[in-house]
Amino acid sequence: MKIAAIYIPEGNLSIIFGEGHQEVTINLGGRNLYQFKNGELNSVELNRYYIDDLLSSDIPLLSCLVGNNGGGKTTLLQYIANAYYCTYVLEEQDGSYELTRNIEKIHRIYFTPYLNYSSLDAARNNYKDLTKLTLMKLDNHGDSGLLDDFLEAHNSENTKRWIKFNHFYKNREFTKITLPVFHEVTLSLGYFDTSIHKPDKFNDTSYQLRPAITLIYEKIKQEASEREIQMGKNFTGDIRGEEAKIFSNGIRFEYDLFETALGKLVSLLERAGNHYLDEGIIPEDF
């Protein structure tokens, strides 16, 4: 079942088309074309331009809203997701249809790749808001107001979403329209500076957390040194020089990464501030 047409009654069009417009029926490309008049369905005709099974049998209808910037495309999508005074034509795959002003049983997803600050707070049940701003808040578990942290977490979650979609798309084996499928994803860490994080320096981190963090920090330093010493003992005979340097750099990189991750945690606690420095308990044998 899909939304094949929307009827917007007179008096509710000014927000989209400006003043002076009468009622309007918007067809979205279903098997039939519908026309309302005075709030009643006036005619139903076969849509001779309907494209059957464009992507797959699981996608019965694909509609495109085309127009200039500011033409009302987004507002129209908001009507589809949210308006309570519109009449919707819900169409089955065989062309049968029903009229309703309640589209709660239709799963609606609103997505835009652009960052804007408008939201559909009045949207009802069975509706998912995937706007850029909403995704950023979702990825950050709330609205912290720290833009750098927002973008860092959001970009990471976006990569995960892309990998999941790519896996889903390959499994669906769509044949009508070919989208690019990637079999491998390479993620590279180009540069990080451990000097910008101070995992052993505290101002706003909880007093109860500080000993545990310091203990982990000291353990990182100690274990890195021990592993390098042990590696040196293992390199005897002909295994020297560049090969030993490669192994040593690998160990240093691994523990520098641990230290940076710990430092990043501390920096988040420091930047966010902590008004309860004496709160919380960590057992002594933790």
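Residues numbered from 1 in each chain as written. Predicted model: local features only at pLDDT ≥ 70, side-chain atom pairs only at ≥ 80, totals over all residues. Heavy atoms only, no water.

Turning our attention to the environment of Ser267. Along the chain, Ser267 turns up in helix H6 (residues 242-272). Residue Ser267 is classed as buried on the basis of its relative accessible area of 17%. With 68 residues separating them in the primary sequence, Ser267 and Pro199 have C-alpha atoms 7.9 Å apart. (Helix = DSSP H or I, 4+ residues; strand = E, 2+ residues; numbered from the N terminus. Buried < 20%, exposed > 50% of the residue type's maximum accessible area, 1.4 Å probe, protein only.)

Turning to the side chain of Glu259, a few remarks are in order. Tracing the chain through its elements places Glu259 in helix H6. One polar contact links Glu259 to Lys221, side chain to side chain, over a distance of 3.1 Å. Each residue touching Glu259, except ones within four places of it in the same chain, is listed here: Pro199, Tyr217, Ile220 and Lys221. (Polar contact = N/O pair within 3.5 Å; in protein donor to acceptor, adjacent residues only side chain to side chain. Contact = heavy atoms within 4.5 Å.)

Alternating residues of strand S8 (residues 127-131) divide into Tyr127, Asp129 and Thr131, all buried, and Lys128 and Leu130, none buried. Note that strand S7 (residues 108-112) and S8 share 5 bridges and pair parallel. Note on S8: the bridge partner recorded for Arg108 is Tyr127. (Pairing = 2+ DSSP bridges.)

Any two side chains of opposite charge can pair, so long as their charged atoms come close to each other. Overall, the coordinates contain 4 salt bridges when judged by the stated rule. In this structure, Glu254 and Arg227 form a salt bridge, with 3.1 Å as the shortest nitrogen-oxygen distance. Placement of the pair is Glu254 in helix H6 and Arg227 in helix H5 (residues 210-234), with a sequence separation of 27 residues. Put simply, Arg252 and Glu228 hold a salt bridge, and the shortest N to O gap is 3.1 Å. Taken together, the positions of Arg252 in helix H6 and Glu228 in helix H5 put the pair 24 residues apart, joining distant regions of the chain. Looking at Glu228, the relative accessible area reads 22%, which means it is partly exposed. (Salt bridge = Lys/Arg side-chain N within 4 Å of Asp/Glu carboxyl O.)

Right, let's talk about the nonpolar core for a bit. Counting 11 residues, the largest nonpolar core is built from Ile3, Ile6, Ile8, Ile26, Leu28, Leu76, Cys86, Tyr88, Leu90, Ile103 and Ile106. Counting only elements with at least two residues in this core, the list comes to strand S1 (2-8) and strand S5 (87-91). By residue number, the principal contributor to this core is S1, which donates 3 residues. (Core = buried A, V, L, I, M, F, W, Y, C linked by side-chain atoms within 4.5 Å.)

Read from one edge to the other, the open sheet built from 4 strands follows the order S2-S1-S5-S6, with strand pairing classed as antiparallel. Each end of this open sheet is capped by a strand with a single partner; those strands are strand S2 (24-27) and strand S6 (97-100). Here the strands of the sheet are splayed against their neighbours by 20° on average, with no regard to which way each runs. With 4 bridges connecting them, S5 and S6 associate as antiparallel partners. Pairing of Val89 across the sheet is with Leu99, part of S6. (Axes fitted to C-alpha atoms, helices over the stretch in contact; angles between N-to-C directions.)

Let us now look at H5. Between its terminal C-alpha atoms H5 stretches 36 Å, which fits the 36 Å expected from 25 residues at 1.5 Å a residue. Of the positions making up H5, those classed as buried are Arg210, Ala212, Ile213, Tyr217, Ile220, Ala224 and Met231. (Expected span 1.5 Å × (residues − 1).)

Let us look at the environment of Met231. Note that Met231 resides in helix H5. Look at Met231 and you get buried, because its relative accessible area is 14%. Separated by 20 residues in the primary sequence, Met231 and Ile251 place their C-alpha atoms 9.4 Å from one another. Other than its neighbours up to four places away in sequence, Met231 contacts Ala244, Phe247, Ser248 and Ile251.

To continue, consider the side chain of Thr260. Structurally, Thr260 is set in helix H6. A polar contact of 2.8 Å, which involves the side chain of Thr260, links it to the backbone oxygen of Asp256.

Using the criterion set out here, one finds 3 aromatic pairs in the structure. Judged by centre distance (4.9 Å) and plane angle (20°), the rings of Tyr7 and Phe36 are stacked. With Tyr7 in strand S1 and Phe36 in strand S3 (residues 32-37), this residue pair connects regions lying 29 residues apart in the sequence. Across the pair, Phe36 and Tyr7 agree in class, each one buried. Note on Tyr34 and Tyr97: the rings are 5.2 Å apart at their centroids and 75° apart in plane angle, and the pair reads as edge-to-face. You can see Tyr34 sitting in strand S3 and its partner Tyr97 sitting in strand S6, a full 63 residues away along the chain. In this structure Tyr34 comes out as buried when scored by relative accessible area, which is 2%. For Tyr97, a relative accessible area of 38% puts it in the partly exposed group. (Phe/Tyr/Trp six-rings, centres within 6.5 Å; stacked < 30°, edge-to-face > 60°.)

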